[in-house]
Amino acid sequence: MNALEEIISREIAECNILPFNRFMEIALYHPKYGYYEKPHNPIGRQGDFITNVSVGEVYGKLIAESFCRWYGDVELPFVIVEGGAHDGQFALDVLQSIIENCEDCRDRFQYWLVEPSFLRKKKQQDKLENLPVPIRWFSRLEEIPDRSLNGVVFCNELLDAFPVRRLGWDKVNGNWYEWGVGSVGAEFTWQRLKQEPVELPDYVKSFVSPELLEVLPDGFIYEWSPQAEAWWRKACRILKSGKMVCVDYGLETMDFF
């Protein structure tokens, strides 16, 4: 086993079956061995996958145009808060575009980044250090008081990177259960958590009618991220006025089911 697998195995030994959201949290965000803590960049043309930011600067420039249009609608200073900025490339593209193309607002805004990772924060600081813009870092959204700023809270391909609970449909008993991760020898295996049936969140239950449940196949999987929901609620609360912008990809709930 590698070091990360050993850490996960120890947690499984303590609880027998590890909830999948905890497994995912360790695998992605362990401060030393997690996927997003790798010294090399897993995102980009030479990485494991690409994002709209990694294919070029055009995306950042397009978003910057929107920010420049919106700044006049709120009380100054205009604050852009970005969550999950990775290596800071999107922030760099946005800020350079505003500095070059938006004379009216370039001296009237601030850029804040919310970044829990020391490694990623250092990469962001190195990339943004020479820009003539007030830039601040926070480890968590909770460090920013509620209703304290005017501007935009932005995240790009962030919410689907939060750990998820993996639920399965038990057609025979008519309820939802939760998957966890156990181990057999040196192998990790899917195992059902021994707990009471799981209730779907209210916004999902509104789509899932008894008629739909009748035709869902046994073992149908639904992934739900309470952490992403909590992040979004807190992000909304820090704004006194302005806009929330989240860019991501996937099916809407109705289409998914």
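Coordinates for the structure precede this section.
These numbers come from a predicted model, not from an experiment.

1. Overview of the side chain of T51
Inference 1: Position of T51 relative to the elements: it lies in the loop between α2 (20-29) and α3 (58-70).
Inference 2: Other than its neighbours up to four places away in sequence, T51 contacts I43 and E157.

2. Observations concerning the pattern of salt bridges
Inference 1: Inspection of the entire model under this criterion finds 16 salt bridges.
Inference 2: For K127, the salt bridge identified is with D87, shortest N-O distance 3.4 Å. Taken together, the positions of K127 in helix α5 (residues 118-128) and D87 in the loop between β2 (78-83) and α4 (89-101) put the pair 40 residues apart, joining distant regions of the chain.
Inference 3: Exposure remark for K127: the relative accessible area of 30% places this residue in the partly exposed category.
Inference 4: Since its relative accessible area comes to 18%, D87 is described here as buried.
Inference 5: Within the structure, one salt-bridge network assembled from shared partners comprises E11, R22 and E25.

3. A short note on the nonpolar core
Inference 1: By size, the foremost hydrophobic cluster in this structure holds 30 residues, and its most contacted members are I98, Y111 and F154.
Inference 2: Mapped onto this core, the elements with two or more residues apiece are α3, β2, α4, β3 (109-114), β5 (149-156) and β10 (239-247).
Inference 3: Ranked by size, the runner-up nonpolar core spans 18 residues in total, among them V81, V153, L159 and I238.

4. A short note on the pairing of strand β6 (residues 165-170)
If a strand is regular, its side chains alternate between the two faces of the sheet.
Inference 1: With 5 of 6 residues buried, β6 is to be regarded as a mostly interior element.
Inference 2: Taken together, the 4 bridges between β6 and strand β9 (residues 221-224) define a ladder with antiparallel strand orientation. Considered in β9, the bridge of G168 is made with I221.
Inference 3: With 5 bridges connecting them, β6 and strand β7 (residues 175-184) associate as antiparallel partners.

5. Things to note about the packing of aromatic side chains
Where two aromatic rings form a pair, the distance of their centres and the angle of their planes describe that pair.
Inference 1: Inspection of every chain in the model, using the stated rule, returns 21 aromatic pairs.
Inference 2: Here Y177 and W179 contribute two aromatic rings whose centre-to-centre distance is 5.5 Å and whose plane-to-plane angle is 75°, an arrangement assigned as edge-to-face. Considered together, Y177 and W179 belong to a single accessibility category, that of buried residues.
Inference 3: A cation over a ring is seen here: R166 above W190, with NZ or CZ 4.1 Å from the ring centre.

6. Some details on the packing of helix α1 (residues 3-15) against α2
Inference 1: It is at 10 Å that the axes of α1 and α2 come closest, and there the two elements cross at 155°. On the basis of their axis angle, the class for α1 and α2 is roughly antiparallel. Note that α1 runs across α2; the crossing there is right-handed. Residue-level contacts link L4, I7, I8 and E11 of α1 to R22, F23, I26 and A27 of α2.
Inference 2: Residue composition of the contact of α1 with α2, by class: 6 nonpolar, no polar and 2 charged.

Criteria and cut-off values
Residues numbered from 1 in each chain as written. Predicted model: local features only at pLDDT ≥ 70, side-chain atom pairs only at ≥ 80, totals over all residues. Heavy atoms only, no water. Helix = DSSP H or I, 4+ residues; strand = E, 2+ residues; numbered from the N terminus. Contact = heavy atoms within 4.5 Å. Salt bridge = Lys/Arg side-chain N within 4 Å of Asp/Glu carboxyl O. Buried < 20%, exposed > 50% of the residue type's maximum accessible area, 1.4 Å probe, protein only. Core = buried A, V, L, I, M, F, W, Y, C linked by side-chain atoms within 4.5 Å. Pairing = 2+ DSSP bridges. Phe/Tyr/Trp six-rings, centres within 6.5 Å; stacked < 30°, edge-to-face > 60°. Lys NZ or Arg CZ within 6 Å of the ring centre and 35° of its normal. Axes fitted to C-alpha atoms, helices over the stretch in contact; angles between N-to-C directions. Parallel < 35°, antiparallel > 145°, perpendicular 65-115°, else oblique. Left-handed = near helix turned anticlockwise from the far one by under 90°. Nonpolar A, V, L, I, M, F, W, Y, C, P; charged D, E, K, R; others polar.

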